[in-house]
Amino acid sequence: MEASRGNLGTISSRRFLFLSVAFWLCSSLLFVYCGHRSERGAIEEEQVLASNAPLQETVAEGLQEENTERKELNRVDYHFDLRFSPETHELTGTQEITLKNNSTVSIPHIYFHLFLNAFEHENTRFFDQGAGRSGVTAPYPYATGKVEIVSITSPDWPGELREFLAKTTPGDQSDRTDLEFKLPKLLPPGGELRLRLIIKSRLPKLVERSGFSGEFHFWGQFFPKVAHISRTGEQRHFAYDSRAEFFSNFGDYRLRLETPPGWELAGTGRITQKHEKATSTVWEIEAKNVHDFAFALSRELEIEERSIQGHRIRLMLHPRQEWARQPTWDTLERVLPTIETALFPYPYPELAIVFPPLGAEAAGGMEYPSLITTGGQRILHELDIPLLEIYLIHELLHQWFQSAVASDEAKTPFLDESLTTYFEWRFLEETRERHSTEPRLAFFSRPAFARFVSLQKPGEPLFREAQAYESFQKLGREVYSRAPLLLRTLANLSAPGEFDQAFGQYAREFAFSHPSRRDFLEFMKTHLAGFAFEALQQASRERWSFDARLIINERGEPVAIEKHGNLDLPITVELVCIDGQRHRQLIKTKESTWLIPSTTCELAEVTVDPELKNLVDENLENNSWRAEAAPRRRLKQLLAVLMNSLWQGLSP
């Protein structure tokens, strides 16, 4: 849901700057160690697992036809006619809603999400939860934000209908982020609901990706949005929560917006008309087959447009952030074709990218259909720490996972953020390595970073609901770090290309629908190797862990390897003889202990997982033995001390 928000969004920019620079230095040492460990020359292999292959080279020919059993039936269309007042930071006007009930049951009510009401006073449910994605930990003394439904009418029912609104949040009667609207009459299957709302929305100071900072205004979650309605009539409604905010039906959006002259706009959909008058500018925008809508307005930021892969890209950037312009275009040129090849062609005709200005960093790292916000810092870019690329690639991938493959983020953030983060790591590494023109001092390893922030204790179940986590910080460590480590490990241990191909097919199969946990597991059961699916299934049900340990006897000799934890993953063991011979064996046994076989040579070294494919192995210190290991162990101990000290100093 954000530019690696699980890690990047849970700490302040200053804190992340310190973390990034320090980790960059540590990763230099780690790079040296890992390189030394993997450069072993030719070996004799009895069984070897192939490394993850490059992504498929041919662009997907098109989306597979949707399965009629899970095809999106209920659609909600929106038509806005609004006026923007920068002095009061408000939008006022009308919102027309059309809902066709294609459910199998009659609908007695609908629910509205009004998420800006989380900021209407300092004692809301949202602020009582503590820090959210923006890192806010206390009620902020800024301008308040809210959404008011001034009026509700319908051409099908006479009179004012506001009296049919009711608050729904259990235990918090002051919460107005989730409202029930009781219909005057049941809406039968096949019936159509038409409503006309007069709304008034006011932005708070910028927090949680919505708000204003100076002249910059980001309008996310600004309107009463109908909660998702399934084909069986079930409605997914909930109060605004800092840990999750998305889930609604697909539909078509149209916006007519009047602004003062001189303002620029970047947002969801396609600008069909722009009428510039002496006293105002009128924008007309349409977005088809999307499940959300947002836009940014600014008088200070500039717009540049280009075409990439046949898609119109609209970049909104402040002139003082000129350093980010070319890296943004370069990254898009490199990564967009790669993503389209692995998943499917970009699903919208246009894409808007907003790089928030200085002071508006809280708007960075966010995704909406055909709209993303990015971010980054110049000093990190100059140090070759790719924060800008991380933001951009992560949010771009959300155009597939969650915008098109529209899973329920509140119920299963794994299907949204973990899949996005996995592919973010893959594409970041692949594109930087493929297009690098100069040696790099140290590659910023996202998996290595995720290891030291998340492998502190057993992982939570992959399918845990967002609200089950105590805070967004804890959700972030699991969903953005530990779960992607498991996905990357399974990809490393699978046959070449198998994992990426399975996930690409999953994306194509469930495009423009709402896949569930069950959909995901049933699909992967037929597309992944046995051990990979079993590990996913096990980790989805319960807390999970893995540690491969080399057992040393009283004489200081390696005698066995033990597997601890509830995941059954294959491991590779390398035996090195004094005369230089090397032997590798793949251990696929489900037994917890594997005895090292006797050899005809004197052993000089034994290494578990010599190529570091298993990224969820919780302790690498017990993975190797050498007859003369002091130099190696001193280096590893130094790395362990540096990483541990850094993490302890930065832990929330």
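Notes on the structure follow.

What counts, and where the lines are drawn
Residues numbered from 1 in each chain as written. Predicted model: local features only at pLDDT ≥ 70, side-chain atom pairs only at ≥ 80, totals over all residues. Heavy atoms only, no water. Helix = DSSP H or I, 4+ residues; strand = E, 2+ residues; numbered from the N terminus. Buried < 20%, exposed > 50% of the residue type's maximum accessible area, 1.4 Å probe, protein only. Contact = heavy atoms within 4.5 Å. Areas by Shrake-Rupley, 256 points an atom, 1.4 Å probe, with all protein chains shown as cover. Pairing = 2+ DSSP bridges. Phe/Tyr/Trp six-rings, centres within 6.5 Å; stacked < 30°, edge-to-face > 60°. Expected span 1.5 Å × (residues − 1). Salt bridge = Lys/Arg side-chain N within 4 Å of Asp/Glu carboxyl O. Disulfide = S-S within 2.5 Å. Polar contact = N/O pair within 3.5 Å; in protein donor to acceptor, adjacent residues only side chain to side chain. Core = buried A, V, L, I, M, F, W, Y, C linked by side-chain atoms within 4.5 Å. Axes fitted to C-alpha atoms, helices over the stretch in contact; angles between N-to-C directions. Parallel < 35°, antiparallel > 145°, perpendicular 65-115°, else oblique. Left-handed = near helix turned anticlockwise from the far one by under 90°. Nonpolar A, V, L, I, M, F, W, Y, C, P; charged D, E, K, R; others polar.

## Focus on the overall build of the chain
Okay, step 1: Looking only at helices and strands, the chain has 13 helices and 30 strands in total.
Okay, step 2: A total of 652 residues make up the chain; the buried ones form 59% of that total.
Okay, step 3: By sequence separation, contacts in the chain at least 24 residues apart represent 74% of the contacts at least 6 residues apart.
Okay, step 4: Entry remark: accessible area of the chain is about 25700 Å², with carbon and sulfur atoms responsible for 48%.

## Re the pairing of strand S19 (residues 302-308)
Okay, step 1: As defined by bridge partners, S19 adjoins strand S20 (residues 311-317) across 7 bridges and the pair is classed as antiparallel. Paired with Ile308 across the two strands is His311, which belongs to S20.

## Thoughts on the packing of aromatic side chains
Okay, step 1: Applying the stated rule across the entire model yields 42 aromatic pairs.
Okay, step 2: Residues Phe84 and Trp263 carry aromatic rings whose centres are separated by 5.1 Å and whose planes lie at 80° to one another, so their mutual orientation is edge-to-face. Taken together, the residues Phe84 in strand S2 (residues 75-85) and Trp263 in the loop between strand S14 (251-259) and strand S15 (264-267) connect sequence positions 179 residues apart. Both residues of the pair, Phe84 and Trp263, belong to the buried class.
Okay, step 3: Here the aromatic residues Phe401, Phe414, Tyr422, Phe423, Phe427, Phe463, Phe499, Phe503, Tyr506, Phe510, Phe520 and Phe523 are joined through ring pairs into a cluster of three or more.

## Looking at helix H10 (residues 498-509)
Okay, step 1: End to end, H10 covers 16 Å across 12 residues, agreeing with the expected 16 Å (1.5 Å per residue, within 8%).
Okay, step 2: Among the 12 residues that make up H10, 10 are buried, leaving the element largely enclosed by the rest of the structure.
Okay, step 3: Of all the residues in H10, the buried ones are Glu498, Phe499, Asp500, Ala502, Phe503, Gly504, Tyr506, Ala507, Arg508 and Glu509.

## Topic: the pattern of salt bridges
Okay, step 1: Tallied over the entire structure, the rule returns 40 salt bridges.
Okay, step 2: The residue Arg314 makes a salt bridge to Glu305 at a minimum N-O spacing of 2.3 Å.
Okay, step 3: A relative accessible area of 35% means that Glu305 is categorised as partly exposed.
Okay, step 4: One network of salt bridges, with partners in common, ties together Glu264, Lys274, Glu276, Glu305, Arg312, Arg314 and Glu350.

## Quick look at the state of the cysteines
Okay, step 1: Taken as a whole and judged by the stated rule, the model has 1 disulfide.
Okay, step 2: With its sulfur 1.8 Å from that of its partner, Cys577 forms a disulfide with Cys601. Taking the torsion about the S-S bond as the criterion, the Cys577 to Cys601 disulfide, at about -55°, is left-handed. Of this pair, Cys577 sits in strand S26 (residues 571-577) while Cys601 is found in the loop between strand S28 (593-595) and strand S29 (603-608), placing the two residues 24 residues apart along the sequence. The exposure classification of Cys577 matches that of Cys601, with both residues buried.

## Notes on the side chain of Thr331
Okay, step 1: Along the chain, the position of Thr331 falls in helix H4 (residues 325-342).
Okay, step 2: When its relative accessible area of 3% is taken as the criterion, Thr331 is described as buried.
Okay, step 3: Within polar-contact distance, the side chain of Thr331 engages the backbone oxygen of Pro327 at 2.8 Å.
Okay, step 4: Setting aside its immediate chain neighbours within four residues, Thr331 contacts Leu336, Glu389, Leu392 and Ile393.

## Some details on the nonpolar core
Okay, step 1: One finds Leu195 and Phe520 to be the most contacted residues of the largest nonpolar core, which totals 150 residues.
Okay, step 2: The element best represented in this core is helix H9 (residues 472-493), accounting for 11 residues.
Okay, step 3: Beyond its immediate stretch of four places on either side in the chain, Leu195 contacts Gln95, Glu96, Ile97, Ile110, Phe112, Ile152, Thr153, Ser154, Trp157, Leu161 and Phe181.

## Brief notes about the sheet that holds strand S6 (residues 165-167)
Okay, step 1: One open sheet accounts for 4 strands, arranged S6-S7-S4-S11; its pairing is antiparallel. In this open sheet, the two strands that pair with only one neighbour each are S6 and strand S11 (225-226).
Okay, step 2: Across 6 bridges, the pairing between strand S4 (residues 107-113) and strand S7 (residues 178-187) is antiparallel. When the sheet's bridge partners are listed, Ile107 is paired in S7 with Leu187.

## Digging into the environment of Gln95
Okay, step 1: As for its position among the elements, Gln95 is in strand S3 (residues 90-100).
Okay, step 2: You can call Gln95 buried: its relative accessible area is 0%.
Okay, step 3: The sequence separation of Gln95 and Leu197 amounts to 102 residues, and the corresponding C-alpha distance is 5.0 Å.
Okay, step 4: Look past the residues within four positions of Gln95 in its chain and what remains in contact with it is Tyr78, His79, Phe80, Leu195, Arg196, Leu197, Ile199, Phe223 and Pro224.
Okay, step 5: A polar contact of 2.8 Å, which involves the side chain of Gln95, links it to the backbone oxygen of Pro224.

## Some points on the environment of Arg464
Okay, step 1: Among the structural elements, Arg464 can be located in the loop between helix H8 (446-454) and H9.
Okay, step 2: The partly exposed category is assigned to Arg464, whose relative accessible area is 25%.
Okay, step 3: Distance in space between the C-alpha atoms of Arg464 and Leu475 is 9.4 Å, their sequence separation being 11 residues.

## Some details on H8
Because each turn of an α-helix spans 3.6 residues, side chains separated by three or four positions in sequence point in the same direction.
Okay, step 1: Taking burial as the measure, the 9 residues of H8 include 9 buried ones, the bulk of the element.
Okay, step 2: Of the positions making up H8, those classed as buried are Arg446, Pro447, Ala448, Phe449, Ala450, Arg451, Phe452, Val453 and Ser454.

## Examining the packing of H9 against helix H12 (residues 530-541)
Okay, step 1: In contact at an axis separation of 10 Å, H9 and H12 are set at 165° when each is read in the N-to-C sense. When the axes of H9 and H12 are compared, the pair comes out roughly antiparallel. Both H9 and H12 take part in a crossing whose hand is right-handed. On the side of H9, the interface is formed by Leu486, Leu487, Leu490 and Leu493, while H12 contributes Phe531, Ala532, Ala535, Leu536 and Ala539.
Okay, step 2: Across the contact of H9 with H12, the residue classes break down as 9 nonpolar, no polar and no charged.

## Considering the sheet that holds strand S17 (residues 281-290)
Okay, step 1: With mixed pairing, the 7 strands of this open sheet are ordered in space as S5-S8-S3-S2-S14-S17-S16. Looking along the sheet, the strands with just one partner apiece sit at the ends: strand S5 (146-153) and strand S16 (270-276). With direction set aside, neighbouring strand axes in the sheet form an average angle of 15°.
Okay, step 2: In this structure, S2 lies alongside S14, joined through 6 bridges in parallel fashion. Each bridged residue has a counterpart across the sheet, and for Asp81 the counterpart in S14 is Arg256.

Honestly, that's just the spatial picture; any functional story needs more than this.
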